[in-house]
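Residues per chain are reported as follows:
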Amino acid sequence: MANPFRLDGRVVIVTGASRGIGKGTAIAVSESGGSVVLVARSADDLAAVAASLPGPSRVVVGAVEDPEVPARAVAAAAELGDIWGLVNNAGISPAYSPTVDTTDEQWDEILRVNLRAAAAFARAAIPAMIAAGKGGRVVNLSSIAAFAGLPNLVAYNATKAGLDAMTRTMAVEYGRQGVCVNSIAPGTITTEMVQQLMDTNPVLAEKFVAKTAIGRVGTVDETAWPIVFLLSDAAGFMTGQVMLIDGGRLAAA
Ligand SMILES: NC(=O)c1ccc[n+]([C@@H]2O[C@H](COP(=O)([O-])OP(=O)(O)OC[C@H]3O[C@@H](n4cnc5c(N)ncnc54)[C@H](OP(=O)(O)O)[C@@H]3O)[C@@H](O)[C@H]2O)c1
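Residues numbered from 1 in each chain as written. Predicted model: local features only at pLDDT ≥ 70, side-chain atom pairs only at ≥ 80, totals over all residues.

K.L.:
Would you explain the overall build of the chain in this entry?
P.N.:
In terms of helices and strands, the chain carries eight helices and seven strands. Rg of the C-alpha trace for the chain: 17 Å, near the compact-globule value of 18 Å for 253 residues, within the 12% margin. Along the three orthogonal principal directions, the C-alpha set of the chain runs to about 50 × 40 × 40 Å. (Helix = DSSP H or I, 4+ residues; strand = E, 2+ residues; numbered from the N terminus. Rg over C-alpha atoms; globule rule 2.2 N^0.38 Å.)

K.L.:
What exactly am I supposed to notice about the site of the ligand here?
P.N.:
Within the structure, the ligand sits among 28 residues, and Gly16, Gly20, Arg41, Ser42 and Gly91 are positioned closest to it. Taken together, the elements giving at least two residues each to the shell around the ligand come down to α1 (20-31) and α6 (192-200). Ranked by the residues each element gives to the shell around the ligand, the list is headed by α1, at three residues. Classifying every residue of the shell around the ligand gives 13 nonpolar, 11 polar and four charged. (Near = placed C-beta within 6 Å. Nonpolar A, V, L, I, M, F, W, Y, C, P; charged D, E, K, R; others polar.)

K.L.:
I tried to follow the sheet that holds strand β2 (residues 35-40) on my own but got confused; where do I start?
P.N.:
Strand pairing in a sheet takes place through backbone hydrogen bonds and is either antiparallel or parallel in direction. Pairing is parallel in the open sheet, where seven strands are placed in the order β3-β2-β1-β4-β5-β6-β7. This sheet does not close on itself; its edge strands, each paired only once, are β3 (57-61) and β7 (242-245). Strand after strand, the sheet turns through a mean of 20° between neighbouring axes, direction not considered. Sheet analysis places strand β6 (residues 179-186) next to β7, joined by four bridges and oriented parallel. By the bridge assignment, alanine 185 is partnered in β7 with leucine 244. Its contacts with the sheet put α1 on β1 (11-15), β2, β3, β4 (83-88) and β5 (136-141), and the angle it makes with β1 is roughly 170°. (Pairing = 2+ DSSP bridges. Axes fitted to C-alpha atoms, helices over the stretch in contact; angles between N-to-C directions. Contact = placed C-beta atoms within 7 Å.)

K.L.:
When you look at the confidence of the model for the chain in this model, what are you seeing that I'm missing?
P.N.:
The predicted coordinates should not be examined in detail at positions where pLDDT is low. On average, the chain scores 96 in pLDDT, and the residues at 70 or more come to 100%. At the low end of the mean pLDDT range in the chain sits α6, at 86; at the high end sits β1, at 99. (pLDDT = per-residue confidence, 0-100.)

K.L.:
Would you mind going over unusual backbone geometry with me for this structure?
P.N.:
For residues besides glycine, phi is generally negative; the peptide bonds are generally trans as well. Unusually for a residue other than glycine, asparagine 152 sits at a positive phi of about 70°. As for its placement among the helices and strands, asparagine 152 is situated in the loop between β5 and α5 (154-174). When the 15 C-beta atoms within 10 Å are taken as the criterion, asparagine 152 is described as partly exposed. (Buried ≥ 20, exposed ≤ 12 C-beta atoms within 10 Å, placed from the backbone.)

K.L.:
Sorry if this is basic, but what is going on with the nonpolar core here?
P.N.:
Inside soluble globular proteins, nonpolar side chains tend to come together where they are buried. Counting residues in hydrophobic clusters, the biggest one holds 74 residues, and the most contacted among them are Ile13, Val14, Leu38, Val39, Ala73, Phe121 and Ala125. If you tally residues by element for this core, the top one is helix α4 (residues 104-132), at 13 residues. Not counting chain neighbours up to four residues away, the residues in contact with isoleucine 13 comprise Val37, Val39, Ala73, Ala77, Leu86, Val87 and Ala125. (Core = buried A, V, L, I, M, F, W, Y, C linked by C-beta atoms within 7 Å.)

K.L.:
Would you take a moment to explain α1 for this structure?
P.N.:
Residues three or four positions apart in an α-helix share a direction because the helix packs 3.6 residues into each turn. Helix length check: α1 (12 residues) gives 17 Å between terminal C-alpha atoms against 16 Å at 1.5 Å per residue, within 8%. The buried fraction of α1 is high, at 11 of 12 residues. (Expected span 1.5 Å × (residues − 1).)

K.L.:
Which parts of the structure should I look at to understand the packing of α1 against helix α8 (residues 220-231)?
P.N.:
Contact geometry for α1 and α8: axes closest at 8 Å, N-to-C directions at 55°. As the angle between them shows, α1 and α8 are arranged oblique. As for the relative orientation of α1 and α8, their crossing is right-handed in sense. In this structure, α1 contributes Gly20, Ile21, Gly24, Thr25, Ala28 and Val29 to the contact, and α8 contributes Val220, Asp221, Thr223, Ala224, Trp225, Ile227, Val228 and Leu231. The residue makeup of the contact of α1 with α8, split by class, is nine nonpolar, four polar and one charged. (Parallel < 35°, antiparallel > 145°, perpendicular 65-115°, else oblique. Left-handed = near helix turned anticlockwise from the far one by under 90°.)

Written as C-alpha cells, this is what we have:
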C-alpha cells in the first residue's frame, strides 16, 4: 500500500505562504510530493519560498480579501493539475482594545481577512475539487483563541470561532462528494514575529510557556506537518473537526 501520508501529485493552495505557518506548510506539502500555489501580498518573499521548494509551484501575489484573488489561485492550481487541497492560513491578529472600544472599522478589517476571504477561497476551490472527481481537502487555520477569551482580541477570537463553525458546515455540505474539511487550532507557535517578541520580552515568553502541559511553545514544523496529515489520505475519515496543536494548553485546568 502506498504511504497514505504522502501527497504525490496533489495540488494544494496555501494562503499566507510568504512566512510563518503558511511558508512551513508550503515546504512540508512540497516535501511530501505535492505541488503548491503560494498566495500572499509580498512578491519577493513568495518568490524566495517558491525557489526553495523541491517540487512544482505557482505564485499568486495579492490580498486574500481581494475578490479576484481566489479565482486567480484556482486558475494557477489548474496549471499544476487537478486541485486537491486548500489551506486557509492567511490571518491577522491585531490586538485592538477591550470589546467596548473595538470599532466597526476594526471588526470589518479582521472579518474581511480572517473569515470572509476564507469563505471566498472555499467558494472558488471546492467546485473545482468536486469537478475533478477525486474529492479534496480544506484546512482552516483556527486558534486556541476560538476557545479561550483572550483579552483585547475580541474580533480575532470571534473570527477563529467563526472559522470552526464554517469548517463544520462545509464538512456536512461536501462530505458526500469526498471533500473533508477540518480546522487546525494552534496555541503559541514560534513564527519569526512570535520568536522576536519572546526574545525581547522574557516575561511574555514565560507567560506563553506557563500554561502549556509540555512546558514550551510550538514550532512551525509542529503545525505544518499536522496540516499535511489533514491534507493526506491518512485523514480520509476525519471531517468537521478542530485539531488542537497547543502543547496541552487547553487540557490544563
Ligand atoms: N503563530 C501563532 O502562534 C498562531 C497561533 C494560532 C493561530 N495562528 C494562525 O495561523 C495563521 C498563520 O499565522 P502566522 O503566525 O504564521 O502569521 P504570520 O507569520 O503573521 O504570517 C501571516 C501570513 O499571512 C499573510 N497575510 C496576512 N494578511 C494577508 C492578506 N490580507 N492577504 C494575503 N495574505 C495575507 C502574510 O503575508 P503577506 O504579509 O506577504 O501578505 C503571511 O504570509 C493565522 O491565521 C493565525 O491566526 C497562529
